[in-house]
Structures are given as C-alpha cells and as structure tokens.
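The lines below spell out each chain.
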Amino acid sequence: MAETVLSFVLDQVSTFLREEGRLLGGVRQEVQFIRDELEQMRAFLREAEAKEEDAQPTLQQWIKQVRDAAYDTEDILDDFVARFARHRATGFYGSVRRIFSSIKNLRARHRVANEIQSIKSRIKSISEAHQRYQSEYGISAQASNSLSAVNNSTWRYSRDDALLVEEAKLVGIDQPKKRLISELLEGDDHQLKVVSVVGMGGLGKTTLVKKVHEDPEVRRHFPVRAWVTVSQTCDFQYLLKDLIRQLHEEGKKPVPQSIESMTTTELKKFVKDFLQQAERYAIVFDDVWDVEFWNTIKFALPESSHGNRVMLTTRKADVASASCTESLGYIHRMEPLSFEDSWTLFCNKIFKGGNCRDHLMNVAKGILEKCEGLPLAILAISGLLALKDVTEEWEMVRRSLGGELEGTGKLDRVKKILSLSYSDLPWHLKTCLLYTSILPEDYEIQCNRLINLWIAERFVEWREGMSIEDVALGYLGELVNRSLIQATTVFYEGTPYSCRIHDLLREVILIKSREQNMVTVTTGQPTMLPSDKVRRLVVHSSSSNNTQHPQQRPSYCFDHLRSFITVGSTDPLLSKMLLSEISRSSKLLKVLDLRDQNIEEEIPNDIFKMFHLKYLHLGGTKVERVPKAIGKLQHLEYLNLVNTGVRELPMEILKLQKLRLLIVYQQVDSSDDDYGYHGFKAPSNMRGLLALETLNCIDASSGSTIIKEIGKLTQLRELSITKLRREDGKELCSSLANLSSLRELSVTSIGKGDDHEIIDLNHHHPSSSSSFLQSLRMLILRGRLEKMPQWIVHLHGLVRIDLNWSGLRGEEDPLESLQHLPNLVSINFCGSYQGEGLCFKVGGFLMLQRLDLKRMEGLRWMRVEEGALPRLQKLSLRQLPLLEELPLGIQHLSQLQRLVLYEMSSQLREKLLENQKEESEDYTRIAHIPEILIGYYTDDRIWREHQLWEKKKKKKKT
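Residues numbered from 1 in each chain as written. Predicted model: local features only at pLDDT ≥ 70, side-chain atom pairs only at ≥ 80, totals over all residues. Heavy atoms only, no water.

This next bit is on the overall build of the protein chain. Of the regular secondary structure elements, the protein chain holds 29 helices and 30 strands. Expressed as a percentage of the 958 residues in the protein chain, the buried residues total 55%. Once local pairs closer than 6 in sequence are excluded, the contacts in the protein chain between residues at least 24 apart make up 67%. For the protein chain, the accessible area works out to roughly 42100 Å², and carbon and sulfur atoms hold 46% of it. (Helix = DSSP H or I, 4+ residues; strand = E, 2+ residues; numbered from the N terminus. Buried < 20%, exposed > 50% of the residue type's maximum accessible area, 1.4 Å probe, protein only. Contact = heavy atoms within 4.5 Å. Areas by Shrake-Rupley, 256 points an atom, 1.4 Å probe, with all protein chains shown as cover.)

This is how it looks when you write it as structure tokens:
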C-alpha cells in the first residue's frame, strides 16, 4: 500500500520541483535528494508489500516508515508554498511588501529548511534499511511492473473460485449454460468463433465455463479440447508448452521432446500446424487479464473449416470485446445471483438443502444482502456460519464482515480473489479506487462528483491535447471496464452517470484505505477518530442517539488534513465543531465539501484562509451571499453553490484565474424542473476567467454585454444561460461560434412556462454551419420558438435535445429538423408543439433510444411507420389530455422495453385498465413490451401507479 502513496507523492514532488522549485533556494538539492531516494525505494516496495502479510514486524514497520516519510514530504512542500508563494505583487508597493514579507518569514524559512533536513536524515536511515532488506528478504531492487510477486503469492486463490463453487452445486447456472452451449454448437462452421464470459471476481465464471466445456454434447462435438489457465502472471512459453501437452494427451499421442528448446515463435507455429491438421477443436483460456495476450495467442489459432471455438473468462470488458470483435463472437456478461438463487445456495451449503432455522431467518437475509449475489462470498460466509447456530453469533458475523475479511480463514480467500483485480491496477487507478471509501455502503455515487473530487485531490494526470475532465472520465471508464465499479445509470451519450461498488469489494477497499491512512470516516462517535495524522476526514450521516455534545468530544489535530467531506444529513453540531477546528488548524486543505449542511447565510470567514483550497461545495446550504474574500482562494478550481440563496457574485470572483467549474443556480419550482432554474448575475469582464470549462447558470437579463463576454471563454465545455432576452439572440449566436469545445448548451428565455419570451437563434448563416457547435452533444432550449434554428440540422454529434415550452405551430413540425441527425439518442419535448399529430417516418431517428413527450395539450394522435424508431427502448407519454388512442404502429417498436403513460385522457386510461383480454386489439399491439406503467390522479387527487403487465403476469401464474 505504501507503494501507491509513494507513487502519488513522487508525482507531486516532481510537479513541485518543476513549477515552484525557484522558491526553494538553498534547499532545492535536498528536495531532489529526497525525491531520488524515494524513487529508488518504489520498485522495492512493490514486491515488499506482496510479502507484507507474511513478513516480520521489522519489514512491516519499514514499509510504514516509508509511507509516513512520503506523506511528511508532501506536507512540508505544501506548507512551504502556502507560506512563500502567495506574495507576488508588482510595482513599488509590491517591492516594499516583498521586503517586509521576506524579513517576517526568515524564521519560517529557516524552520522549513530544518524540516527538510530532518526528512532527508530520515530518508537516509530508511534507505540503509532498504539495502539490508533487499538481501534479507530476497527482493530484487528492480521489481518489474508486472506485479509478479503479488501474483505469485495470490495466483492459487483465483483457481479456488471454481473449486469452492463446485462443492455446493452452484445454482442459477442452467440458463447461461444452455445459452453458451448453443453459441458453441451453432453458427458459421467456416470461421473461428470466440465466446467470452466477463464479470467481477467471485461470480463463478470459471465454474460456468468448466461445466460447459465438460458437457457430453460439447465433448462429442469437439474431439480436440484443451483448458489453459492464464492468470495475471503469464509465462507465454510455459503456456504454449502446456497447451501442446494437453492437445497431444487428448489425442493420445506422445508429447514431442523438441518443444522444450523451441522459441515462442516456433511454439506458436507448432500449435497452429497441429490444430490445422486436427479435427474440430474447442480451447478455453481461463482468467485472461490483458488484451495483449489475446492479440498474441490468436495467431496460433487457425480458422480452418471445422467450426472451431475458443472460450475465455475475464474480469475486463475490453478483453472480452477485443477477442470477439474479429470473430463476430458472443459476450456473456456474468450477473450476480438473484436473491432466490442466493438463498438456495446459502441453505444448500449450511442446511444441506433444508430450510433455514426460524430464529436465524432475519439475520441470514441481512448477511445475504451483504453478499449481493456473489457466489464465492455466499459459500465462504456459509462455511463460516455452518458450525454456528446461535442468533447472536450470526449477528456478530453480519456486523463484522469487514473485520472478518481482514482476518484469516474462509473469508480471507474472498479478500484475496477480490484483491487480485486491485493488485492489477496502475498506482493512479489504485488511488482513485481507494478514494471511493469516502462514500457509505449502498450509496449511489454521482460520477461527476467523484471525478471532480479526484481532480481536486490531484489524482488525475494532465495529458497533452485532453481536458483534465476527459482524462478523469477515462479513469472511471477503466475501473468500470475492470468490473471494479458498476455503472448503475448512464448519461445521454453512454458515459456513466451514477455508479456503485459491490459491498464486499467496498470492505476490501476500506481495509486497504485504512492501511495507508487514505481516508478516515466517522459518524460522530469519538472512537471513530484516530489519534494519528488524519489526511481525509469524511463525516457520514448518523442517528442523533449515536452522537455526543461537542463539548464532550476530544480535540484532534488536523494540521495534515487535505479533505473534509460530509455525506448525507449529518449532526449539525458535529459538523460545526469539526469545521471550526479544521478552519483554525488546517492550512493544507484542498477539498471542502459541505453540501446540504446547516450552514448559515454567511460563509465562515476562516474558509478564505485556506490557500490550497481547490474544491468548495456549499450546495444545499443556507448561504445567501459570497463575500469579497472569495478572491483570496487563488487556487480554487471548483465552486458549487447549487440551491443556495446566492443570486450575484462579487467582482473578486475574477481573481480566481484557475477556476474551471462555476456552478450557481436554483430551481424555479422545486417540485418540477421543467420550469428551469434561476441563475446568477455575473460581474463584467467575465472574459478574464479563461480557465472556465463549466458555467452554470448565468443570468443574461442585464443585456448583451455579458453575452459578448461569454464568447471570450473559449475553453467552455458546458454553458447554461437563463433569462435571455429576444434581442440578444443574435449576439449569443455570434458568441457561440467561438466556443469550439462546447459539449452541453442550455438556453432559457425570460419568463416561466407558457409565458416564456421567444428565443431567437436564427442568426447563424447556413453556409458556415459546418463548423458551428460541431462539438455539441446536448442542447436544451427552454422558451418559445417561432421556428426551429436552421443550424440544428447540421449538429451531427448531437446526442440529446430538450425542447421545453417551444409552442411550435403545426406547420413547424420539430421532427423534420431532427429526424436525420445520425447520433441522436434522446428527445424530451415539454409543451413544445401545438400541432394535432406527430408522425415518425421510416428512415428517421435510426439511433433514438428514449422519447419523452409531455404537456402537449393539443396532441390528438401519433403514428410510427414500420421501420421508424428501430432502436427505441423507452417511450414516455405524460400529460397529453387529448390523446385518446395508443400511438398507431406501436407494435412495430420491437426493441421497446418500457412504456410510461402518466396523466393521460380518462378514455385511454380506462380502456387500458379495463380491456386486458389477450384477444383485444390493444393488448396484441403492446403485448411485446416488458413493462407498461400507468400513472394517474384519482378524483380525490391521490396518485396511483399501475404496472399493467406485471399484474397480468401474476394473474397468469395463479
């Protein structure tokens, strides 16, 4: 774990020497020495930590010393910048100030120099021990980046997965087994086909594929078969030799001795020649970790004309995709067991197929919920509980699952298997994954929140030609790809919008986070706060009876604190006490997230003394005013004041030259976001904030000056404007032409609902539309339109469009402008069209997946031509009082998964609720849709929801 910390700190030290090194003066060489010594230790640490669990206490202590020295180095350098980098005034008065500051800080500079010398001495001592441990523990000084030591010590656990699950006759396997066998036996006999099984560790991938591989029908169909275990440590020559031995033994032929002296190229050719002459073959590559492995092994696998097959298991989605793309193969995504199957497996293991004891029922369900359908975990925990029959003992296991994972025994193997994926990560992804420990169990994480915190914590590296946000999104995508983070909902263009982490994987992350003092989580109980140096403090919501009055709490030192984050509704007294202590003592704070806390109208003044602060979130608080002191936070990159009382920002905001995200808005109607948002009135000269990438949402009612200023913010990726006047439309089009990186645009005119003023954006000449807003992915127009802007038809990258309160007349059908946009996935219309009907024509909207029509009070009919909307998955029709029939042609929407009908005409509602006979015309038109939801208000204004087909299925079962 110290290796991850060390890599992070080394990156920060290198950045410091490059950007702030001139401030160091005479101690620059000492800092370079510290960096070089730590760099030499990093490779050794990578292997030393693989042996840490079995190591002597002396080695464990040495690893801790390295981690602490790395942290202290970071602290000293950040403190140095805070003291000496803030006074850079020019002119006569600037010179006087610098002289005075230099005299005043001579003692402080001397103290910092002494601290750096002390760190240097510590590093020398640690380095001497480093040399000793190299020979004592047999660890090479130049450890490879393959993490071979980690893998050699834990490789055996990856195969225990299959063996353990086999013992209990895994449930829920029949259907996927049949599907995989079908994929193997059917298809083109003249092409090699690859079948990949992908999912997180512990799901039973190996067990499933083993059962398929050994099925009698598969054995008959494929006379030549082999099973090759790849794993993280892949000795390619050994793997090829093992494959050759299996192929010969399967055919009852002697294994040629010549393979022992062959090169890798010769071995691949030998395998290919053998398989070309053999009958139909099926080979399994189990536990593949790297795309490069597939790109290498595929050249040894001939296609021939026999219908050969390859199966592989992997935790990584990109490996599955790469192996199946060329062969038009099949990817099976392994899902967790349902609760019913989990319960069966649990009872089979503990009660030998019998029923759970009544007195253990509730706690057993709680334990299973923790397992979240992970077969390996269910079986391991079942083995732990099998010899216990007392409710208190089971309850103790449920409460202490995290502690059980830290120990040895049955649950230790769960930790080992889940840890394999973690061990395979590069250090920057390890840091990002461990940071997710800030969030509570079962918490759905907003991806934007997570990546902005990563950026503020300096976990994300700048890359040439990419925005820092795109780099962070790449990190998130890689963690999803590796099955370590689960995407729960996706945004309009397929990127994760929210995500979560499996409970048991989270327990592993918590263990590793505690080991390296990454995050400290408290719910307010003093015992939860450690006595050593707290670096990131997170306060989770807690019930009032678990908290104590602040005067009864011990005081802790927050001199080394980097982040203070609150999650959920926390004890206001606790939060206030902690914030007060942190504000007084923490000079190094980079992240302050106080969203939804009970903070009064004034922002605490001590916050503006936090020189290093990069991230400030005060959304959902009672703050009403931003003081001029905000200008002191010159390193601030993220400022969020969502749903506060702030309506105006002071001129001093212009001093924040590093500000990337400025988010200040409040819903007009808290019960309905269709009415848009209040923005903030910005000072003039907004053009000075050149680093801005997100500006959300700016009040444009003051006139065209602010619209002109927006055109100078050329780095903008997300822009939201409210209260746009009609006469400023031309100026806005002129400014938008300069924003070549803009991905999201929201424009709201003055007014509310049907009273919105007209948005006039038809000022961009069609001849130059080929470059106008070509990076745009999302467009929201909230206000009346006389006609659709002509340039919309050229937005070939557009993925989502929302038109609210447009009130387009019947001759201005919005579908005409949108139907041929090649990437349009989502359409949301609210009060957008006054015509009587909408027709979706064949050949249009080829990529559309979601269609939401709302508050179009004149709409009487809809028609979908056969072949139109071929990919539509969700159709939502809400508050369309004159629509008395289901859309004509709805039966043609073969991909439709969900139909939502809210507050429709009473005729249509009654028709659907009463006429549920299978022979009825309406039923046959929509019977293919898996989910239909009808929502309406009763006469006494009570909201009802009716899941039509779910009710139908229950009737059929009975």
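Further remarks concern the packing of helix α6 (residues 174-185) against helix α7 (residues 205-213). Their axes nearest at 10 Å, the elements α6 and α7 cross at an angle of 55°. Viewed along their axes, α6 and α7 adopt a mutual orientation that is oblique. Between α6 and α7 the crossing geometry is right-handed. Where α6 approaches α7, its residues Pro176, Lys177, Leu180, Ile181 and Leu184 are matched on the opposing element by Leu208, Lys211 and Val212. Counted by class, the contact of α6 with α7 contains 6 nonpolar, no polar and 2 charged residues. (Axes fitted to C-alpha atoms, helices over the stretch in contact; angles between N-to-C directions. Parallel < 35°, antiparallel > 145°, perpendicular 65-115°, else oblique. Left-handed = near helix turned anticlockwise from the far one by under 90°. Nonpolar A, V, L, I, M, F, W, Y, C, P; charged D, E, K, R; others polar.)

The next subject is α7. Counted residue by residue, α7 has 7 buried out of 9 residues, so it is predominantly covered. Those residues of α7 not exposed but buried are Lys205, Thr206, Thr207, Leu208, Val209, Val212 and His213.

Here we come to the pattern of salt bridges. Tallied over the full model, the rule gives 37 salt bridges. Lysine 269 is paired through a salt bridge with aspartate 273; the nearest N and O atoms lie 3.0 Å apart. On the criterion of helical spacing, the pair formed by lysine 269 and aspartate 273 is a turn pair, its members being 4 residues apart in helix α10 (residues 264-277). When its relative accessible area of 55% is taken as the criterion, lysine 269 is described as exposed. When salt bridges with common partners are traced through the structure, they connect Glu74, Asp75, Asp78, Arg458, Arg535, Arg562 and Lys590 into a single cluster. (Salt bridge = Lys/Arg side-chain N within 4 Å of Asp/Glu carboxyl O.)

Tracing the chain through its elements places histidine 248 in helix α9 (residues 236-250). With 22 residues separating them along the chain, histidine 248 and alanine 226 place their C-alpha atoms 9.8 Å apart. From its side chain, histidine 248 meets the backbone oxygen of isoleucine 244 in a polar contact 2.9 Å long. (Polar contact = N/O pair within 3.5 Å; in protein donor to acceptor, adjacent residues only side chain to side chain.)

With that settled, consider the sheet that holds strand β8 (residues 496-500). Strand order across the open sheet formed by 3 strands is β6-β8-β7, with antiparallel pairing between neighbours. Looking at which strands have only one partner, the edges of the open sheet turn out to be β6 (445-446) and β7 (486-490). (Pairing = 2+ DSSP bridges.)

This brings us to the pairing of strand β22 (residues 800-804). Summarising burial for β22: 5 of the 5 residues are buried, a large majority. Residues Arg800, Asp802 and Asn804 point to one face of β22 and Ile801 and Leu803 to the other, with burial holding for every one of them. Two elements, strand β21 (residues 778-782) and β22, share 5 bridges in a ladder whose sense is parallel. In the strand pairing of β22, isoleucine 780 is matched with aspartate 802. As paired strands, β22 and strand β23 (residues 826-830) are joined by 5 bridges and run parallel to one another. Bridged to leucine 803 within β23 is phenylalanine 829.

A word on the sheet that holds strand β1 (residues 193-198). If you walk across this open sheet you meet the 5 strands as β2-β3-β4-β1-β5, and the pairing is parallel. Every other strand in the sheet has two partners, leaving β2 (224-229) and β5 (330-333) as the edge strands with one partner each. Taking the axes of each pair of neighbouring strands and ignoring which way they run, one obtains an average angle of 15° across the sheet. Pairing between β1 and strand β4 (residues 309-314): 6 bridges, direction parallel. Bridge assignment links valine 198 to a residue of β4, and that residue is threonine 314.

Mapped onto the secondary structure, glutamine 597 falls in the loop between β12 (591-593) and β13 (615-617). Among residues more than four places away in sequence, those in contact with glutamine 597 are Thr566, Gly568, Thr570, Ser575, Gly620 and Thr621.

Once that is clear, we can look at the nonpolar core. In terms of nonpolar packing, the biggest core is built from 125 residues, with Trp62, Phe346, Trp394, Tyr435, Trp454 and Leu479 touching the most fellow members. Among the elements that line this core, the one with the most residues is helix α3 (residues 57-84), at 12 residues. Residues Leu561, Leu579, Ile707 and Leu716 belong to the second largest nonpolar core, which totals 116 residues. (Core = buried A, V, L, I, M, F, W, Y, C linked by side-chain atoms within 4.5 Å.)

Our next topic: the pairing of strand β24 (residues 837-840). Burial of β24 is two-sided: the residues Gly837 and Cys839 facing one way and the residues Leu838 and Phe840 facing the other way are all buried. Judged from the 4 bridges that link them, β24 and strand β26 (residues 861-864) form a sheet pairing that is parallel. Within β26, the position partnered with cysteine 839 by the bridge is arginine 863.

Next up on the list: unusual backbone geometry. Cis geometry is adopted by the peptide bond preceding cysteine 697, which originates at asparagine 696 and carries an omega value of 10°. In this structure, cysteine 697 sits in strand β18 (residues 694-699). The phi torsion at leucine 773 lies on the positive side, around 55°, for a residue other than glycine. In this structure, leucine 773 sits in the loop between β20 (744-749) and β21.

Orientation of helix α14 (residues 361-371) relative to helix α22 (residues 503-515), taken along the N-to-C sense of each, is 75°, at an axis distance of 6 Å. The angle between α14 and α22 falls in the class roughly perpendicular. When α14 is examined against α22, the residues Glu369, Lys370 and Cys371 are found in contact with a partner set consisting of Asp503, Leu504 and Glu507.

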